[in-house]
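So you can see what is in the structure, the chains are spelled out below.
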Amino acid sequence: MNDQNFAERNFDLDIDKQTVMTLGSHCSLQVLKGAKDEGFNTLLVCEEKRFDMYKRFKFIDNIVSIKNFKEIVNKNFQDELIEKFSPILIPHGTLISTLNMDELESIKIPIFGNKWILRWESDRMLKQQLMDESKLPSPTQISSKNAIDGLCIVKLHGAAGGKGYFLVTDKKGFEEQAQKLIKSHIIESEENLFIQKYANGVPVYLQYFYSPITNELELLGIDRRYETDIDAIGRIPSKYQISSNIEPSYTVVGNIPIVLRESLLPEVYTMGERFVEASRKLVPPGMPGPFCIEGVYDKNANFVAFEFSARIVAGTNLYVSGSPYSDLLFDTPMSMGRRISLEIKRAMGASKIGLITT
Ligand code: AMP
């Protein structure tokens, strides 16, 4: 089906009676701005402390404030939202980091995309399985601290935005760093850590959107993260890097836009298509909507993927008015948030809402 058909069908739809909802954090402004631009009613559920900030934005039609995001699992609360707004919930990193997967899967409000795949994002073992099935070249996994040999990165489970990650070259370094995390109650035991060979290269985050309605994969943007303080360490001369004993961390504080050499794009599309295919096979219904493949390009311009996100990523916030890639596909400024709402609109028009929500 082409755009013309969608446009004709959408003519009669009560888009403004359909509500697009998200949690007030991560990329909510972009998501709801995009929803408003597509003509939807918008709903933000935010924590009380951020109410004043969010009420500045006129494209948010309704704000419901709660003490803590955890309250979203409350069935009565969900029933009230469903009754009043009949919303579609757009999941993002905060939903995943706030709820455990059982809680997330129990949500009754229709979730945009495939909620079952979010478990595969947050569980490192499942994540690796899906990456392997997608034939994404990825850094060697180190199964035990005894096997650490050379530079490795040690990660926590879940979407923690790089917080708590550390580098090690041997078992002793691993144990020392793990102890610090245990003492600060960030993890319970070494078992909570995941060791991966360090992939040397420049970080690149590929932002895709797959439409099960048109069966097309779109590349909508590319970014890299701005991480403190690994991105700060190069600002001091090497003699102070060594003498000050700084342990670099990987906490994300923002994102920086990137455009790739055009000759790298064919492989970018191939990787995205393989990921869509593998998701369909391992986690039906697959990967409708936004996702991101995250990795580095090495000195031979080969891509090594260390992660994926099976939902919208915060790096898409760069492109509220479209990106150098979305501009090639759409005549209107197309943020990822807006693309999501466009898909909802198209699905409503084609009576295929079941294809894009779970
Ligand atoms: P992640 O939470 O896995 O996206 O990782 C957060 C950050 O850690 C990334 O943006 C990279 O800077 C870094 N990182 C993660 N895994 C690796 C790896 N295997 N090799 C090099 N850097 C990595």
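*Asks:* Can you help me understand the environment of Gln78 in this one?
*Replies:* Along the chain, the position of Gln78 falls in helix α4 (residues 75-85). C-alpha separation for the pair Gln78 and Met131, spaced 53 residues apart in sequence, amounts to 34 Å. Not counting residues within four places of it along the chain, the set of residues in contact with Gln78 comprises Ile72, Val73, Ile107, Lys108 and Ile109.

*Asks:* So what exactly am I meant to see when it comes to the domain arrangement of the chain here?
*Replies:* Buried accessible area, meaning the area lost when the parts come together, often serves as the stated size of an interface. With domains assigned, the chain is organised as domain 1 (4-117), domain 2 (122-136 + 201-346) and domain 3 (141-197). Of note, the centres of domain 2 and domain 3, computed from C-alpha atoms alone, are 23 Å apart. Counting the surface domain 2 buries against domain 3, the share from its top three residues, Arg124, Glu247 and Tyr250, is 50%. Where domain 2 packs against domain 3, one counts three residue pairs in polar contact (both at pLDDT 80 or more). Contributing elements (two or more residues each) for the side of domain 2 that touches domain 3: α8 (124-133), β11 (250-257) and β13 (303-309). A class-by-class count of the residues in the side of domain 2 that touches domain 3 yields five nonpolar, four polar and five charged.

*Asks:* Got a minute to help me understand the sheet that holds strand β2 (residues 41-47) in this structure?
*Replies:* Strand pairing in a sheet is mediated by backbone hydrogen bonds. Such pairs are either parallel or antiparallel. The parallel open sheet is built from four strands, whose spatial order is β3-β2-β1-β4. At either end of the open sheet lies a strand with only one pairing partner, and these are β3 (62-66) and β4 (87-89). Ignoring strand direction, the axes of neighbouring strands in this sheet form an average angle of 25°. Looking at chain direction, strand β1 (residues 19-23) and β2 are connected through five bridges and run parallel. Bridging across to β2, Met21 finds its partner in Leu43. Contacts from helix α2 (residues 28-37) reach β1 and β2 within the one sheet, and its direction differs from that of β2 by about 165°.

*Asks:* I keep staring at the site of the ligand and nothing clicks. Help me out?
*Replies:* Neighbouring residues of the ligand: 15 residues in total, closest Tyr165, Ala199, Tyr205, Glu227 and Glu307. Contact between the ligand and Tyr205: an oxygen atom at 2.3 Å from a side-chain N or O atom of the residue. Within the side chain of Glu227, a nitrogen or oxygen atom sits 2.4 Å from an oxygen atom of the ligand. Starting from 480 Å² of accessible surface for the ligand in isolation, the protein chains cover 95%. Elements represented by at least two residues in the shell around the ligand include exactly β6 (152-156), β8 (193-197), β10 (216-229) and β13. Considering only residue class, the shell around the ligand consists of eight nonpolar, one polar and six charged. Both domains that meet at the shell around the ligand, namely domain 2 (122-136 + 201-346) and domain 3 (141-197), each give it at least three residues.

*Asks:* Help me out: how do you make sense of the packing of α8 against helix α11 (residues 265-282) in this one?
*Replies:* Geometrically, a packed helix pair is captured by the angle between its two axes and the distance between the axes. The contact between α8 and α11 brings their axes to 8 Å, and the two run at 125°. Classed by the angle they form, the pair α8 and α11 counts as oblique. Two packed elements cross with a definite hand, and for α8 against α11 that hand is right-handed. Packed against α8, whose contacting residues are Gln129, Leu130 and Glu133, the element α11 presents Phe275, Ala278, Ser279, Lys281 and Leu282 at the interface. Its residues assigned to classes, the contact of α8 with α11 shows four nonpolar, two polar and two charged.

*Asks:* How do you make sense of α11 when you look at a structure like this?
*Replies:* For an α-helix the count is 3.6 residues per turn, leaving residues at separations of three or four pointing the same way. Over its 18 residues, α11 extends 26 Å from the first C-alpha to the last, a length consistent with the 26 Å expected when each residue adds 1.5 Å. Residues of α11 that are buried include every one of Leu265, Val268, Met271, Gly272, Phe275, Val276, Ala278 and Ser279, and no others. Contact partners of the buried residues in α11: α7 (117-122), α8, β9 (202-211), β10, β12 (289-297) and β13.

*Asks:* Teacher, can you tell me more about the pairing of β6 here?
*Replies:* On a regular strand, each side chain points to the face opposite its neighbour's, so the side chains alternate between the two faces of the sheet. Most of β6 is tucked away: five of the five residues are buried. Of the two faces of β6, both are covered, the one formed by Cys152, Val154 and Leu156 as well as the one formed by Ile153 and Lys155. Where β6 lies against strand β7 (residues 166-168), three bridges are found, and the strand directions are antiparallel. Note that in β7 the partner of Cys152 across the bridge is Val168. The pairing of β6 with β8 spans five bridges and is antiparallel. Bridging from a neighbouring strand, Cys152 pairs with Lys197 of β8.

*Asks:* Could you clarify how one ought to interpret the side chain of Thr22 in this entry?
*Replies:* Its place among the elements puts Thr22 in strand β1. Residue classification places Thr22 among the buried positions, given a relative accessible area of 0%. A polar contact is formed between the side chain of Thr22 and the side chain of His92, at a distance of 3.4 Å. Not counting residues within four places of it along the chain, the set of residues in contact with Thr22 comprises Ser28, Val31, Leu32, Leu43, Leu44, Val45, Leu89, Ile90 and His92.

*Asks:* Is there a simple way to think about the confidence of the model for the chain in this case?
*Replies:* Close inspection of predicted coordinates is inappropriate in any region flagged by low pLDDT. In the predicted model, the chain carries a mean pLDDT of 92, and the fraction of residues at 70 or more is 95%. Residue range residues 1-12 is modelled with pLDDT below 50. Its contacts to residues more than four positions away, or to other chains, number 13 contacts.

Basis of the calculations
- Residues numbered from 1 in each chain as written.
- Predicted model: local features only at pLDDT ≥ 70, side-chain atom pairs only at ≥ 80, totals over all residues.
- Heavy atoms only, no water.
- Helix = DSSP H or I, 4+ residues; strand = E, 2+ residues; numbered from the N terminus.
- Contact = heavy atoms within 4.5 Å.
- Domains from an automatic or database assignment.
- Buried area = accessible area lost by both parts, 1.4 Å probe.
- Polar contact = N/O pair within 3.5 Å; in protein donor to acceptor, adjacent residues only side chain to side chain.
- Nonpolar A, V, L, I, M, F, W, Y, C, P; charged D, E, K, R; others polar.
- Pairing = 2+ DSSP bridges.
- Axes fitted to C-alpha atoms, helices over the stretch in contact; angles between N-to-C directions.
- Near = heavy atom within 4 Å.
- Areas by Shrake-Rupley, 256 points an atom, 1.4 Å probe, with all protein chains shown as cover.
- Parallel < 35°, antiparallel > 145°, perpendicular 65-115°, else oblique.
- Left-handed = near helix turned anticlockwise from the far one by under 90°.
- Expected span 1.5 Å × (residues − 1).
- Buried < 20%, exposed > 50% of the residue type's maximum accessible area, 1.4 Å probe, protein only.
- pLDDT = per-residue confidence, 0-100.

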